[in-house]
Amino acid sequence: MAFEPRDPNYAQRVRDNFARQTVMTLIGAELTEVGPGTCTVRLPFRPDLCQQNGYVHAGITTTLADTACGYAAFSLMPADSGVVSVEFKINLLAPAIGEAFEARARVDRPGRTLTVVRAEVLAFQGERITEVALMQATMIRLAV
């Protein structure tokens, strides 16, 4: 489904906002794509982000998906908006093993206040791509 952003400068606004999110800097994630109602966040593998079995920690996987969902929703909000998560559910489908990970989010239903978004988190290992998590989230628009 194609959405029309309320702010013609949505992409730059999303990129500027993402750059202020220090947790993304901390874990080494980058915003790689943004479109009206879509967002992709990429993270290269880092052993310091793993749990005891050597998999990227579920908290990191969740953080990637939540961030991608938030910015997908944010892309459709007016320029004078902020965004935070209201709720989400994540299904962890496979161990997060790979050279890099991507959270790809898309808006299912935008609203004036609440937006429903979903994301998939993929692990890339050579030519192999594994779906490691699915998230459904609700984001709320804040007036700033």
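Quick look at the structure, then.

Cut-offs applied
- Residues numbered from 1 in each chain as written.
- Predicted model: local features only at pLDDT ≥ 70, side-chain atom pairs only at ≥ 80, totals over all residues.
- Heavy atoms only, no water.
- Helix = DSSP H or I, 4+ residues; strand = E, 2+ residues; numbered from the N terminus.
- Contact = heavy atoms within 4.5 Å.
- Axes fitted to C-alpha atoms, helices over the stretch in contact; angles between N-to-C directions.
- Left-handed = near helix turned anticlockwise from the far one by under 90°.
- Nonpolar A, V, L, I, M, F, W, Y, C, P; charged D, E, K, R; others polar.
- Pairing = 2+ DSSP bridges.

All right, on to the side chain of T67 then. By secondary structure assignment, the location of T67 is in helix α3 (residues 58-74). With residues near it in sequence (within four places) discarded, T67 still touches F18, Q21, M24 and V41.

Now for the packing of helix α1 (residues 10-19) against α3. Two numbers describe how α1 lies on α3: the axes approach to 10 Å, and their chain directions differ by 145°. Note that α1 runs across α3; the crossing there is right-handed. Counted together, R13, V14, N17 and F18 of α1 and T67, Y71 and F74 of α3 form the full contact between these two elements. Looking at the contact of α1 with α3, its residues break down into four nonpolar, two polar and one charged.

So, about the pairing of strand β2 (residues 38-44). Side chains on a regular strand alternate between the two faces of the sheet. One ladder, built from five bridges, connects strand β1 (residues 30-35) with β2; its direction is antiparallel. In the sheet register, E30 faces β2, and the bridge partner there is R42. As consecutive antiparallel partners, β1 and β2 are separated by two residues, and within that stretch G37 has a phi angle of approximately 85°, a positive value. Taken together, the seven bridges between β2 and strand β4 (residues 100-109) define a ladder with antiparallel strand orientation. Across the sheet, residue P44 finds its bridge partner in β4, namely A100.

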